[in-house]
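As a plain string of letters, each chain reads:
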Amino acid sequence: MSDESSGMHLTLEIWRQDDADDRGRMETYHLDDVSPDMSFLEMLDVLNEQLISGGREPVAFDHDCREGICGACSLVIDGKAHGADAETTVCQLHMRRFKDGDTIHVEPWRANAFPVVRDLVVDRSAFDRIIARGGYVSVGTGSAPDANAIPVPKDRAESSFEAAACIGCGACVAACPNASAMLFVAAKIAHLSHLPQGAPERDRRVLAMVDQMDREGFGNCTNHFECGAACPKGIEVETIARMNREFLSAALRER
Amino acid sequence: MIQASPRLDSKCPTGPIAERWDKHRFDLKLVNPANKRKFDIIVVGTGLAGASAAASLAELGYDVKAFCIQDSPRRAHSIAAQGGINAAKNYPNDGDSVYRLFYDTVKGGDFRARESNVHRLAEVSNSIIDQCVAQGVPFARDYGGLLDNRSFGGAQVSRTFYARGQTGQQLLLGAYGALMRQVGSGKVQMFPRREMLDVVVVDGVARGIVVKNLVTGEYERHAAHAVLLCTGGYGNAFYLSTNAKACNVTAAWRAHKRGAFFANPCFTQIHPTCIPVAGDHQSKLTLMSESLRNDGRVWVPRKDGDRRPASEIPESERDYYLERRYPSFGNLVPRDVASRAAKERCDAGYGVGASGQAVFLDFLDAIERDGEDAIRAKYGNLFQMYEKITDENPYRTPMRIYPAVHYTMGGLWVDYNLESTIPGLFVLGEANFSDHGANRLGASALMQGLADGYFVAPYTVGGHLAGRALPEVDTENPAFREAELACRERTDRLLAVNGRRTADSIHRDLGLAMWNHCGMARNESGLKTALERIRELRVEFWENVRVPGDGEHLNQALEHAGRVADFLEFAELLAADALDRSESCGGHFREESQTEEGEALRDDKNFCHVSAWEWNGLDEPSTLHQEPLDFEHVKLTQRSYK
């Protein structure tokens, strides 16, 4: 065997922060022999194994399913939420997208409404509180009519699905210069407003969810459209216009 | 001989099978509506079973505390289920019925599930679809606006409802919405980033839990009148599986050590269509939905060691081995059969890809027949996922797939009420053992999780609350103090070892031993080797693991180490159960028990029972309790998919 390895040599600049009160700092790590077939998170696993073996604490990051559906992973890579690939979560990003010798910057989601818990882990419970204000159809268990009692036109069901595909990762907030959560909230509003189910609470839903969004300290939308570009599920920014219409007509009817 | 254990009263009702659940519900005591708010219920886990149970119980008026290890209840691993959910609606008019779904599930489970439970599951399946649609789950529809169904995993009828390849996500978001509605109303208190470390038993009844707050490291005690474990399966005992990284056996295992019997741990499901291992860095395996087998054809080269690209292998040199071996079911044979057939070909040297541990799943015929757009509409997200991971385009070259650990049919033993051998401790969803026997059919996991949570536990938990005297217990009770102390000591021990190996590296070694000796095919000597190896690893873990940091902050290394420690104890029980069950059935294939054609051979005389294990302490053999299984309606037959 020659000492030449096929793996990449990388320099990692990673945000480390002990807890919410710590100021935090970037730290530099070197990693050899990174396989292009690794996912980005598997690369971080290798780094963490090295750190633990050396008695140092691993880099904390949220992750779970590692197939792009749970919405846990949440890294800003070289300034891009979930990295540069379109419609990709970090766990689906592979190291073949990087070059030998690259320096990669890794940071957490940055938003006032998402305080850092530790290193790359942030607190996204604001999203849960928004959903708790109306992101559902109020139907108690057992009180549903037959599933085919209310037909839903195929294209409406499809549009509903497209919006319902949101994984609640928060990349839209991280990508937005204003840290706005409009795309996240709009996706839930669109998912439900395309369907006849839940129509009676349509006005209440949009008013309450937008109210909670504002209370959580998310910024306003000023049409940068970075959210749509960062969304790993390809949810379109037009969804926001739909929410604005829903909100306006609900607010008018409210008067 | 099978001996019924007096400790295992299934409480199954008798009488005509279609009336049993009704009769049982009538016999269960009811809690007066005005009294419901006086009862506290703990729900651990917020996947399909946990979220649906927490929401439904809160709707009834109980005060619910719900716990999850993730940062949000919406991230539970049910979210990753792809293919669909079964129900006996018979919308396509193709001959389905509650009885047929019941029959298929008992038979598909290779006759190791209780008939009464399975029939109830089939009965409530239709209500689940109604409920989910009313919640706004965007299932696939036809041009008339009505719900679409597909055939799935070998079923001869189309009974699977689906939302593209993201059915689990959509169902979970429906249940999560119902849960969050109750959080908003104040009936559910949500505790995210909590790990359950112990069940607290007072006077023989489960009365609370001890959890660790994963952010602050604090131990928290929570008292209640009933505890529901909805904490999923133990597939990650194999390290590599399709489970999410946080999936673990800890909650179930700690309950087991407090007296909940563990049933059929050797019944693990190896899913035939997963993306193969790419290298040593592999951290998990990704499933490619079984629905792909509706249109994909599985093949390997006829010549062993043929490493030409698929496009250069002519039709005449391809072996469509599932179609060859099982002409009537072809590519749609059940999961266990498809997995073993893939292993058989690869072991014989016909595997493809760099490792030789893969077979082709080919869509070119389907694309030629239906057009690329039609295939994209059905499987677009799966094809995209495949391409991201492998850098290969499955519209042009066949997918490479190989079996991987996916689901665990075994789990904590429960009676017909879903109550474990600890009174007041209920177990729902994948965490229990009850409905899938030795093999789960495709699109049945989502059905079972939601059946348990929406339509079974809300009644049976009420029976427990109304039927037992439950004196007030608070968290200063000595049982809480003792449990918390034990949890603290365990954490301190983990931090104090200060050895040289990471928990992850030991977990990988455990996984390798499990996969090699306790995977798709098992035999006596391999299982004995596994038992020895697991014990060695457990000893090594406690002598040589290194867990940096402390227990007072978010410490993911500590979390993982704690889970690995439990997997190391649990794995021994899994292997011991596999060794004891010397028959082949469903996903449990013992090489000593096969037909001349290499198919699984059951031994109903000696093994037509549930094996429920009682914990006696570390390094003490567990006690085996048997619950005999009666088949009054589905005749015991050898499965055949020829």
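What you are looking at is a predicted structure, and each value in this text was computed from that prediction instead of being measured.

Criteria and cut-off values
Residues numbered from 1 in each chain as written. Chains lettered and ligands numbered in written order. Predicted model: local features only at pLDDT ≥ 70, side-chain atom pairs only at ≥ 80, totals over all residues. Heavy atoms only, no water. Helix = DSSP H or I, 4+ residues; strand = E, 2+ residues; numbered from the N terminus. Buried < 20%, exposed > 50% of the residue type's maximum accessible area, 1.4 Å probe, protein only. Lys, Arg positive; Asp, Glu negative; His and termini not counted. Charge placed at Lys NZ, Arg CZ, Asp CG, Glu CD. Rg over C-alpha atoms; globule rule 2.2 N^0.38 Å. Contact = heavy atoms within 4.5 Å. Areas by Shrake-Rupley, 256 points an atom, 1.4 Å probe, with all protein chains shown as cover. Buried area = accessible area lost by both parts, 1.4 Å probe. Salt bridge = Lys/Arg side-chain N within 4 Å of Asp/Glu carboxyl O. Nonpolar A, V, L, I, M, F, W, Y, C, P; charged D, E, K, R; others polar. Domains from an automatic or database assignment. Polar contact = N/O pair within 3.5 Å; in protein donor to acceptor, adjacent residues only side chain to side chain. 1 Å grid on protein atoms, 1.4 Å probe; cavity = no way out; pocket = protein on both sides within 12 Å on 5 of 7 lines; lining within 4 Å. Points joined across faces, edges and corners; volume = space filled by probe spheres on them. Core = buried A, V, L, I, M, F, W, Y, C linked by side-chain atoms within 4.5 Å. Phe/Tyr/Trp six-rings, centres within 6.5 Å; stacked < 30°, edge-to-face > 60°. Lys NZ or Arg CZ within 6 Å of the ring centre and 35° of its normal. Pairing = 2+ DSSP bridges. Axes fitted to C-alpha atoms, helices over the stretch in contact; angles between N-to-C directions. Disulfide = S-S within 2.5 Å. Expected span 1.5 Å × (residues − 1).

Enquirer: How should I be thinking about the overall build of chain A in this particular structure?
Expert: Secondary structure assignment for chain A yields 8 helices and 7 strands. Its C-alpha atoms give chain A principal-axis dimensions of roughly 70 × 40 × 35 Å. A burial count over chain A gives 59% of its 255 residues as buried. When the 26 basic and 41 acidic side-chain charges of chain A are each reduced to a single mean position, those positions are 9 Å apart.

Enquirer: Help me understand the overall build of chain B, please; the structure alone is not making it clear to me.
Expert: In terms of regular secondary structure, chain B is built from 16 helices and 19 strands. Taking 26 Å as the expected radius of gyration for a compact globule of 642 residues, we find that chain B reaches 24 Å, a close match to that expectation. Seen through its C-alpha atoms, chain B measures out along the principal axes to roughly 75 × 60 × 50 Å. Within the span of chain B, comprising 642 residues, buried residues form 67% of the whole. Taking the intrachain contacts of chain B between residues at least 6 apart in sequence as the baseline, contacts between residues at least 24 apart amount to 74%. For chain B, the computed accessible surface area is about 21,200 Å², with 48% contributed by carbon and sulfur atoms. One way to put it: in chain B the 76 positive side-chain charges average out to a point 2 Å from where the 85 negative ones average out.

Enquirer: How should the interface of chain B and chain A be read in this particular structure?
Expert: Often, the extent of an interface is quoted as the loss of accessible area upon association of its parts. Each partner contributes residues to the interface: chain B has 72 residues there, and chain A has 78 residues. Here chain B and chain A share an interface that buries about 6,100 Å² over both sides, 52% of which is from carbon and sulfur atoms. Taken as a group, R75(B), H281(B) and K388(B) account for 11% of the area that chain B buries against chain A, more than any other trio of residues on that side. At the boundary of chain B and chain A, one finds 7 salt bridges. With a closest N to O distance of 3.8 Å, R96(A) and D391(B) form a salt bridge. Secondary structure elements with two or more residues in the side of chain B that touches chain A: α2 (48–60), α4 (115–134), α5 (167–185), α10 (372–390), α11 (445–467), α13 (503–518) and α15 (556–580) of chain B. No other element matches α5(B), which puts 8 residues into the side of chain B that touches chain A. When the residues that make up the side of chain B that touches chain A are grouped by side-chain class, the tally is 28 nonpolar, 27 polar and 17 charged.

Enquirer: I tried to follow the domain arrangement of chain B on my own but got confused; where do I start?
Expert: All names here are of chain B. Splitting chain B by domain gives domain 1 (17–267 + 409–467) and domain 2 (271–406). With 22 residues of domain 1 at the interface, the matching set in domain 2 holds 25 residues. When domain 1 packs against domain 2, the two sides together hide about 2,000 Å² of surface, and 51% of this comes from carbon and sulfur. For the domain 1 face of the interface with domain 2, the top three residues by lost area are Q82, L240 and T242, together amounting to 31%.

Enquirer: Help me out: how do you make sense of the domain arrangement of chain A in this one?
Expert: Residue and element names in this part refer to chain A. Under the domain assignment, chain A is made up of domain 1 (8–118) and domain 2 (125–254). Look at where the C-alpha atoms of domain 1 and domain 2 centre, and you get two points 29 Å apart. In this complex, domain 1 contributes 15 residues to the contact, which on the side of domain 2 involves 18 residues. Summed over both sides, the interface between domain 1 and domain 2 buries roughly 1,200 Å², with carbon and sulfur atoms accounting for 64% of that surface. For domain 1, the biggest contributors to the area lost against domain 2 are E87, A113 and F114; these three give 36% of the whole. Where domain 1 meets domain 2, there are 0 salt bridges. If you look at where domain 1 meets domain 2, you find 2 residue pairs in polar contact (both at pLDDT 80 or more).

Enquirer: Explain the environment of L494(B) here, please?
Expert: All names here are of chain B. Tracing the chain through its elements places L494 in helix α12 (residues 478–497). Using a relative accessible area of 4% as the deciding quantity, one classes L494 as buried. With 205 residues separating them along the chain, L494 and S289 place their C-alpha atoms 38 Å apart.

Enquirer: Would you mind going over empty space enclosed by the protein with me for this structure?
Expert: To locate leftover empty space, one rolls a probe as large as a water molecule over the atoms. In the structure shown here, the tally under the stated rule is 13 cavities of 30 Å³ or more. In this structure, the second largest cavity occupies an estimated 730 Å³ of space. Along its surface, the second largest cavity is lined by 40 residues, and H63(A), K245(B), Q556(B), H560(B) and R563(B) are the ones closest to its centre. Taken together, the elements giving at least two residues each to the lining of the second largest cavity come down to α1 (40–53) of chain A together with α13 and α15 of chain B. Residues that form the lining of the second largest cavity fall into these classes: 16 nonpolar, 10 polar and 14 charged.

Enquirer: I keep staring at the nonpolar core and nothing clicks. Help me out?
Expert: Nonpolar side chains tend toward joint burial in soluble globular proteins. F218(A), I85(B), F139(B), L228(B) and F541(B) are the most contacted members of the largest nonpolar core, which has 229 residues in total. Every residue in contact with F541(B), bar those within four places of it in the chain, is listed here: L494(B), V497(B), A503(B), I506(B), A561(B), V564(B), A565(B) and L568(B). Core analysis: the next-biggest nonpolar cluster, separate from the first, contains 28 residues, C73(A), L75(A), M95(A) and V106(A) among them.

Enquirer: Quick question: what am I supposed to make of the pattern of salt bridges here?
Expert: Opposite charge on two side chains lets them pair, provided their charged atoms get close. Residues and elements named next belong to chain A. Under the definition given, this model contains 85 salt bridges over all chains. Linking D45 and R66 is a salt bridge whose minimum nitrogen-to-oxygen distance equals 2.7 Å. Note that D45 is positioned in helix α1 and R66 in the loop between α1 and β3 (75–77), a separation of 21 residues in sequence. Across the pair D211 and R133 runs a salt bridge whose closest N-O atoms are separated by 3.1 Å.

Enquirer: Teacher, can you tell me more about the packing of aromatic side chains here?
Expert: For any pair of aromatic rings, the description consists of the separation of the ring centres together with the inter-plane angle of the planes. Residue and element names in this part refer to chain B. Within the structure shown, the criterion is met by 27 aromatic pairs over all chains. Taking the centre distance of 5.8 Å and the plane angle of 65° together, the rings of Y234 and F262 count as edge-to-face. Pair noted here: Y234 is in the loop between β9 (226–229) and α6 (250–257) and F262 is in strand β10 (residues 262–263), with a separation of 28 residues, a long-range link. We note that Y234, like F262, is buried. In this structure an aromatic cluster arises from ring pairing among Y234, W253, F262, F570 and W615. For R120, the ring lying beneath its charged end belongs to Y416, and the centroid distance is 4.2 Å. The ring of Y395 has R376 sitting right over it, with the charged end atom 4.5 Å from the ring centre.

Enquirer: Would you mind going over the sheet that holds strand β1 (residues 40–44) of chain B with me for this structure?
Expert: In any sheet, the strands associate via hydrogen bonds between backbone groups, in a parallel or an antiparallel arrangement. Residues and elements named next belong to chain B. On the basis of which strands lie adjacent, the open sheet formed by 5 strands has the order β5-β2-β1-β9-β17 and parallel pairing. Unpaired on one side and paired on the other, β5 (188–191) and β17 (425–427) mark the two borders of the sheet. Taken pair by pair, the neighbouring strands of this sheet meet at an average axis angle of 20°, ignoring direction. Where β9 lies against β17, 3 bridges are found, and the strand directions are parallel. Within β17, the residue paired with L229 across the bridge is V427. α2 contacts β1, β2 (63–67), β5 and β9 of the sheet and is inclined by roughly 165° relative to β2. Each of β1, β9 and β17 touches α11; the most contacted strand, β9, lies at about 150° to it.

Enquirer: Got a minute to help me understand unusual backbone geometry in this structure?
Expert: The bulk of non-glycine residues show a negative phi, and the bulk of peptide bonds are trans. One non-glycine residue with positive phi stands out, namely R66(A), at about 55°. Positive phi, close to 65°, is recorded for D391(B), a residue that is not glycine. By the element assignment, D391(B) lies in the loop between α10 and β15 (399–408).

Enquirer: What exactly am I supposed to notice about the state of the cysteines here?
Expert: Two cysteines form a disulfide when their sulfur atoms are joined by a covalent bond. All names here are of chain A. Taken as a whole and judged by the stated rule, the model has 0 disulfides over all chains. Here C227 is not disulfide-linked; the sulfur of C221 is the nearest cysteine sulfur, at 6.4 Å. A residue is classified by how much of its surface remains accessible, and C227, at 10% relative accessible area, is buried.

Enquirer: Can you help me understand helix α6 (residues 202–215) of chain A in this one?
Expert: An α-helical turn contains 3.6 residues, so any two residues separated by three or four positions project in the same direction. All names here are of chain A. With 14 residues, α6 should reach 20 Å at 1.5 Å per residue; the first-to-last C-alpha distance of 20 Å fits that figure. In this fold, the buried residues of α6 make contact with α2 (125–132), α5 (182–193) and α8 (238–254). At the exit of α6 stands G217, carrying a positive phi of roughly 90°.

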